[in-house]
Amino acid sequence: MTSLKDSIYADPLGEINAFTFDETVVSVFPDMIQRSVPGYNAIITAIGLLAKRYAQPNSFCYDLGCSLGAATLAMRDQIEAENCRIIAVDNSQSMVSGFKDKLQGLPVSIPIDVQFADIRDISIENASVIVLNFTLQFVPIEDRQSFIRKVYQGLLPNGILILSEKLKSADERQNTLQTDMHHLFKKAKGYSDLEISQKRTALENVLIPETLNQHQQRLHNAGFSSAEIWFQYFNFASIIALK
Ligand SMILES: C[S@@+](CC[C@H](N)C(=O)[O-])C[C@H]1O[C@@H](n2cnc3c(N)ncnc32)[C@H](O)[C@@H]1O
Ligand SMILES: O=C(O)C(=O)C[C@]1(C(=O)O)C=C[C@@H](O)C=C1
């Protein structure tokens with residue numbers, strides 16, 4: 001599957017449908033996410049390095065909301081622990097098929113299971129590393145606490161959760177500033193004002209950002225003993241939560 005340039009929102013749309021990870025989005029996804037998420041490549045690289053440090057022998061590493069598997073492949077390239085398996089899950093059939101196609105041409109070092117499922121429905125067990133890279137923001141808010149509790153319970157002692165999210169700020173001026181800077185980032189990456197505004201409309205009520213404090217509270221409520229930001233670029237951040 002070749003990745004095309006994202007021009008989904010380039011022309012004026014009479015009606016803007018809610019954003020979904022359908023075939024059209026999947027065909028441009030690598031380009032879209034790199035030009036939309038500040039620091040995306042740096043986070044993917046770091047997920048690989050964190051997996052190298054935290055993957056335990058005979059354990060599972062989960063990539064939840066794996067899309068086309070960027071985080072899975074970064075982990076696979078770095079993990080040295082014996083007898084690990086990566087479980088990559090997504091509830092977009094187009095993403096799962098795209099990732100499976102991509103894996104066809106790649107050498108198998110660590111086994112990878114690509115599963116079509118809703119991450120709220122799967123069981124999580126024997127996990128040394130769990131990645132939620134810009135996925136939780138799409139899960140309905142009312143389901144997030146019970147889901148994060150399941151993540152915590154599935155982690156082995158000394159396990160790690162890497163949680164990357166678009167954040168909002170409780171301070172209105174900071175929120176406006178960060179949002180404006182994110183839009184400037186997108187413009188610098190070649191998106192027009194029309195593309196930025198139409199995508200923003202499509203993501204309303206679909207991508208629901210929360211504050212850092214809300215995430216930390218939820219992680220602590222679930223049992224995590226520590227949850228700290230290790231990366232932030234404007235309103236996009238990544239948290240390491242330790243069991
Ligand atoms: C922004 S993308 C994630 C990017 C990916 N983790 C990466 O690092 O390239 C969000 C993904 O989460 C998936 N997703 C959203 N809600 C989900 C759910 N409830 N269960 C499974 N996957 C979900 C979407 O289909 C989409 O592929
Ligand atoms: O907030 C935006 O404008 C985005 O485009 C962000 C975001 C994300 O964080 O997942 C939204 C949808 C696409 O998956 C790529 C990026």
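Residues numbered from 1 in each chain as written. Chains lettered and ligands numbered in written order. Predicted model: local features only at pLDDT ≥ 70, side-chain atom pairs only at ≥ 80, totals over all residues.

Draft legend 1. Representation of the overall build of the protein chain within the structure. Looking only at helices and strands, one finds eight helices and seven strands in the protein chain. Taking 243 residues into account, the globule formula puts the C-alpha radius of gyration at 18 Å, and the protein chain, at 18 Å, falls close to it. Reported as C-alpha extents along the three principal axes, the dimensions of the protein chain are approximately 50 × 45 × 30 Å. For the protein chain, the residues scored as buried account for 37% of the 243 residues in total. (Helix = DSSP H or I, 4+ residues; strand = E, 2+ residues; numbered from the N terminus. Rg over C-alpha atoms; globule rule 2.2 N^0.38 Å. Buried ≥ 20, exposed ≤ 12 C-beta atoms within 10 Å, placed from the backbone.)

Draft legend 2. Highlighting the UniProt feature "binding site: S-adenosyl-L-methionine" (unreviewed entry) in the protein chain. Under the feature "binding site: S-adenosyl-L-methionine" (unreviewed entry), the UniProt entry names Y40, G65, C66, S67, D90, N91, D118, I119, N133 and R200. Taking the farthest pair of C-alpha atoms as the criterion, the annotated set spanning 161 residues is dispersed, since that pair is 24.8 Å apart. Inspection of the secondary structure puts S67 in the loop between β1 (60–64) and α3 (70–78). Aside from chain neighbours lying at most four places away, what touches S67 is F29, D90 and M95. Turning to its location among the elements, N91 is positioned in the loop between β2 (85–90) and α4 (93–104). Once residues within four sequence positions are removed from consideration, N91 is found in contact with F116, A117 and D118. (UniProt positions renumbered as here; feature names shortened; annotations may be inferred. Contact = placed C-beta atoms within 7 Å.)

Draft legend 3. Structural context of helix α2 (residues 40–54). For α2, which comprises 15 residues, the first-to-last C-alpha distance of 21 Å matches the rise-based estimate of 21 Å (1.5 Å per residue) to within 8%. Those residues of α2 that fall on the buried side of the exposure criterion are I43, I47, L50, A51 and Y54. For α2, the buried positions fall inside an angular range of 100 degrees around the axis, keeping them on one side. Opposite its buried face, α2 presents the exposed residues A42, L49 and R53, each directed more than 90 degrees away. (Expected span 1.5 Å × (residues − 1). Arc of directions from axis to C-beta.)

Draft legend 4. Quick peek at the site of ligand 1. In the neighbourhood of ligand 1, 20 residues make up the surrounding shell, with F21, G65, N91, S92 and N133 lying closest. Those elements that provide at least two residues to the shell around ligand 1 are α3 and β2. By residue class, the composition of the shell around ligand 1 is 11 nonpolar, six polar and three charged. (Near = placed C-beta within 6 Å. Nonpolar A, V, L, I, M, F, W, Y, C, P; charged D, E, K, R; others polar.)

Draft legend 5. Structural context of the packing of helix α5 (residues 141–154) against helix α8 (residues 212–222). Remark: α5 packs on α8, axes separated minimally by 9 Å, with the N-to-C direction vectors making an angle of 50 degrees. Classified by the angle between their axes, α5 and α8 sit oblique to one another. Crossing handedness for the pair α5 and α8: right-handed. Residues R144, Q145, I148, R149 and Y152 of α5 form the contact with α8, whose own contacting residues are R218, L219, N221 and A222. Grouping the constituent residues of the contact of α5 with α8 by class yields four nonpolar, two polar and three charged. (Axes fitted to C-alpha atoms, helices over the stretch in contact; angles between N-to-C directions. Parallel < 35°, antiparallel > 145°, perpendicular 65-115°, else oblique. Left-handed = near helix turned anticlockwise from the far one by under 90°.)

Draft legend 6. Quick peek at the sheet that holds β1. If you trace the seven strands from one edge of the open sheet to the other, you get β3-β2-β1-β4-β5-β7-β6, paired in mixed fashion. The open sheet has two free edges, formed respectively by β3 (112–116) and β6 (226–233), since each of these has just one partner strand. Neighbour-to-neighbour, the strand axes of the sheet open up by a mean angle of 15 degrees, direction not taken into account. Lying on the sheet, α4 is in contact with β2 and β3; it crosses β3 at an angle near 160 degrees. (Pairing = 2+ DSSP bridges.)

Draft legend 7. Looking closely at the site of ligand 2. Neighbouring residues of ligand 2: M32, I33, S36, V37, F134, K166, K199, L203 and L207. Counting residues per element, the shell around ligand 2 draws most heavily on helix α1 (residues 23–36), which supplies three residues. Of the residues that constitute the shell around ligand 2, the class distribution is six nonpolar, one polar and two charged.

Draft legend 8. Structural view of unusual backbone geometry. With a phi angle near 60 degrees, N83 is a residue other than glycine that sits in the positive phi range. Structurally, N83 can be placed in the loop between α3 and β2. You will see that N158, though not glycine, has its phi angle at about 70 degrees, which is positive. Within the fold, N158 resides in strand β5 (residues 155–166).

Draft legend 9. Broad picture of the pairing of β3. One ladder, built from five bridges, connects β2 with β3; its direction is parallel. Residue pairing in the sheet places V89 in a bridge with Q115 of β3. Crossover connection from β2 via α4 to parallel β3: handedness right-handed. (Right-handed = clockwise from strand over helix to strand, strands pointing away.)

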